[in-house]
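In case you want the letters, here they are:
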Amino acid sequence: MSANTSEVAAGVAGLLSNVRIVLVNTTHTGNIGAAARAMKNMGLSRLTLVAPKQQPDAEAYARSSRADEILDQAMIVDDLEAAIADCQLVIGTSARQRNLCWPLITPRQMADEAAKASMAQPDAQIALVFGREDRGLTNEELALCHFHVNIPTDESFSSLNVAAAVQVLVYELRVKWLELQDATLPDWQDEWDVDWADAAGVERFYQHLEQVLTDLDFYDPENPRNLMQRLRRLYQRARLDQTELNILRGILTATEKAADLKAKRPKS
Ligand code: SAH
């Protein structure tokens with residue numbers, strides 16, 4: 001989809017409203033409230049809570065100051081996959097480098113990526129994902145993201161309070177949004193011709209890929225050796241669009257057919 005000038009303007013306008021803040025397994029409801037306050041300060045409104053230890057309570061409302069409606073309207077879901085299923089751009093946060101490194105960006109670059117996505121596809125859904133207070137995000141959760149953003153800190157003390165981390169990122173989004181009000185629109189056009197794939201479609205592809213590779217005896221689930229993680233990283237780095245996803249699914253189906261794999265599979 002090649003965005004025309006009015007679509008680009010819609011993307012600028014929609015940048016803040018297209019971004020959802022996703023808090024995973026938050027323990028302290030006060031942090032949920034403080035995150036809602038940070039969001040409202042910067043003009044964001046969409047909060048998704050993945051299996052919070054406790055639903056927003058009086059403490060959350062007190063810490064939200066007057067961002068009550070964000071808490072009232074927060075979506076509550078069971079897992080991260082459900083929180084991001086309709087998203088085309090998923091950005092995770094991490095206080096530290098993990099085993100398998102992933103495209104790592106700064107908060108400012110995060111705002112650039114969100115703006116590019118929103119202007120190329122004005123209805124693009126974007127998720128910023130924040131982890132547990134004690135353990136952050138799991139490697140599996142981080143593997144669902146296109147980018148990881150790290151807030152640069154003193155190396156000896158790198159972990160911010162989760163609501164403080166939300167504040168830093170939504171501030172950068174607001175700065176970008178303000179800059180874009182003055183931007184010359186054509187500079188921001190992204191010439192991509194197809195919509196980005198959403199996370200649910202990409203996840204179905206990964207399941208299909210794993211099944212075919214297992215059937216082909218290329219992948220041994222008993223001895224995974226990070227293979228699926230590495231393949232996920234490869235495809236997440238490519239940021240699949242809808243046509244590319246359809247082609248990859250078609251190749252898998254043709255592979256299954258050629259190898260008559262479906263017939264060999266035990267009925268489940
Ligand atoms: N001990 C955990 C840190 C959890 S802090 C760990 O090592 O991962 C809780 C959450 O705040 C993190 O999951 C992340 O979402 C956010 N956060 C804290 N510090 C951050 C930083 N420096 N950069 C990016 N996100 C950070």
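All of these numbers come straight from a predicted model, not from anything done at the bench.

Participant: Give a description of the layout of surface pockets that names residues and reports values.
Facilitator: To locate leftover empty space, one rolls a probe as large as a water molecule over the atoms. Space inside the largest pocket adds up to approximately 440 Å³. Lining the largest pocket are 24 residues, with Ser94, Ala95, Gly136, Ser159 and Leu160 sitting closest to its centre. Looking at side-chain class alone, the lining of the largest pocket contains 8 nonpolar, 10 polar and 6 charged residues. As a volume, the second largest pocket reaches approximately 220 Å³. Along its surface, the second largest pocket is lined by 13 residues, and Glu140, Ala143, Leu144, Glu203 and Arg232 are the ones closest to its centre. Where the lining of the second largest pocket is concerned, the elements lending two or more residues are α5 (80–84), α7 (139–142), α9 (199–215) and α10 (227–238). Residue composition of the lining of the second largest pocket, grouped by class: 5 nonpolar, 2 polar and 6 charged. Here the lining of the second largest pocket gathers at least three residues from each of two domains, domain 1 (5–182) and domain 2 (199–263).

Participant: Account for the sheet that holds strand β4 (residues 89–93), with residues named and values stated.
Facilitator: Strands sit in the order β3-β2-β1-β6-β4-β7-β5 across an open sheet of 7 strands; the sheet is parallel. Of all the strands in the sheet, just β3 (75–77) and β5 (104–105) have a single pairing partner and so form its edges. Here strand β1 (residues 19–24) pairs with strand β6 (residues 126–130) via 5 bridges, running parallel. Residue pairing in the sheet places leucine 23 in a bridge with phenylalanine 130 of β6. Where helix α1 (residues 5–18) meets the sheet, it contacts β1, β2 (46–50) and β6, and its direction lies at approximately 15° from that of β1.

Participant: Describe the domain arrangement of the chain, listing the residues and the values that go with them.
Facilitator: In many reports, interface size means the accessible area that the parts give up when they come together. Here the chain is partitioned into domain 1 (5–182) and domain 2 (199–263). Between domain 1 and domain 2, the contact holds 16 residues from the first and 10 residues from the second. Contact between domain 1 and domain 2 buries roughly 1,200 Å² in total, counting both sides, with carbon and sulfur atoms accounting for 57%. Put simply, domain 1 and domain 2 have 0 salt bridges between them. Counting every contact that joins domain 1 to domain 2 gives 6 residue pairs in polar contact (both at pLDDT 80 or more). Looking at the side of domain 1 that touches domain 2, its residues break down into 12 nonpolar, 3 polar and 1 charged.

Participant: Break down the side chain of arginine 20 for me, citing the residues and quoting the values.
Facilitator: Turning to its location among the elements, arginine 20 is positioned in strand β1. For arginine 20, the side chain forms a polar contact with the main-chain oxygen of alanine 83, separated by 2.8 Å. Residues in contact with arginine 20, not counting those within four places in the same chain, are Arg46, Thr48, Ala83, Asp86, Cys87, Gln125, Ile126, Ala127 and Leu128.

Participant: With reference to specific residues and values, describe the packing of aromatic side chains.
Facilitator: Throughout the structure, instances matching the rule amount to 3 aromatic pairs. A centroid spacing of 5.7 Å and a plane angle of 45° characterise the contact between phenylalanine 205 and tyrosine 206, whose relative ring orientation is tilted. Residues phenylalanine 205 and tyrosine 206 agree in their burial class; the two are buried. For the ring pair tyrosine 206 and tyrosine 235, a centre distance of 6.5 Å and an interplane angle of 50° mean the geometry is tilted. Pair noted here: tyrosine 206 is in helix α9 and tyrosine 235 is in helix α10, with a separation of 29 residues, a long-range link. Among the residues examined, tyrosine 206 registers a relative accessible area of 3% and is labelled buried. Members of the aromatic cluster, joined through ring pairs, are Phe205, Tyr206 and Tyr235.

Parameters and conventions
Residues numbered from 1 in each chain as written. Predicted model: local features only at pLDDT ≥ 70, side-chain atom pairs only at ≥ 80, totals over all residues. Heavy atoms only, no water. 1 Å grid on protein atoms, 1.4 Å probe; cavity = no way out; pocket = protein on both sides within 12 Å on 5 of 7 lines; lining within 4 Å. Points joined across faces, edges and corners; volume = space filled by probe spheres on them. Nonpolar A, V, L, I, M, F, W, Y, C, P; charged D, E, K, R; others polar. Helix = DSSP H or I, 4+ residues; strand = E, 2+ residues; numbered from the N terminus. Domains from an automatic or database assignment. Pairing = 2+ DSSP bridges. Contact = heavy atoms within 4.5 Å. Axes fitted to C-alpha atoms, helices over the stretch in contact; angles between N-to-C directions. Buried area = accessible area lost by both parts, 1.4 Å probe. Salt bridge = Lys/Arg side-chain N within 4 Å of Asp/Glu carboxyl O. Polar contact = N/O pair within 3.5 Å; in protein donor to acceptor, adjacent residues only side chain to side chain. Phe/Tyr/Trp six-rings, centres within 6.5 Å; stacked < 30°, edge-to-face > 60°. Buried < 20%, exposed > 50% of the residue type's maximum accessible area, 1.4 Å probe, protein only.

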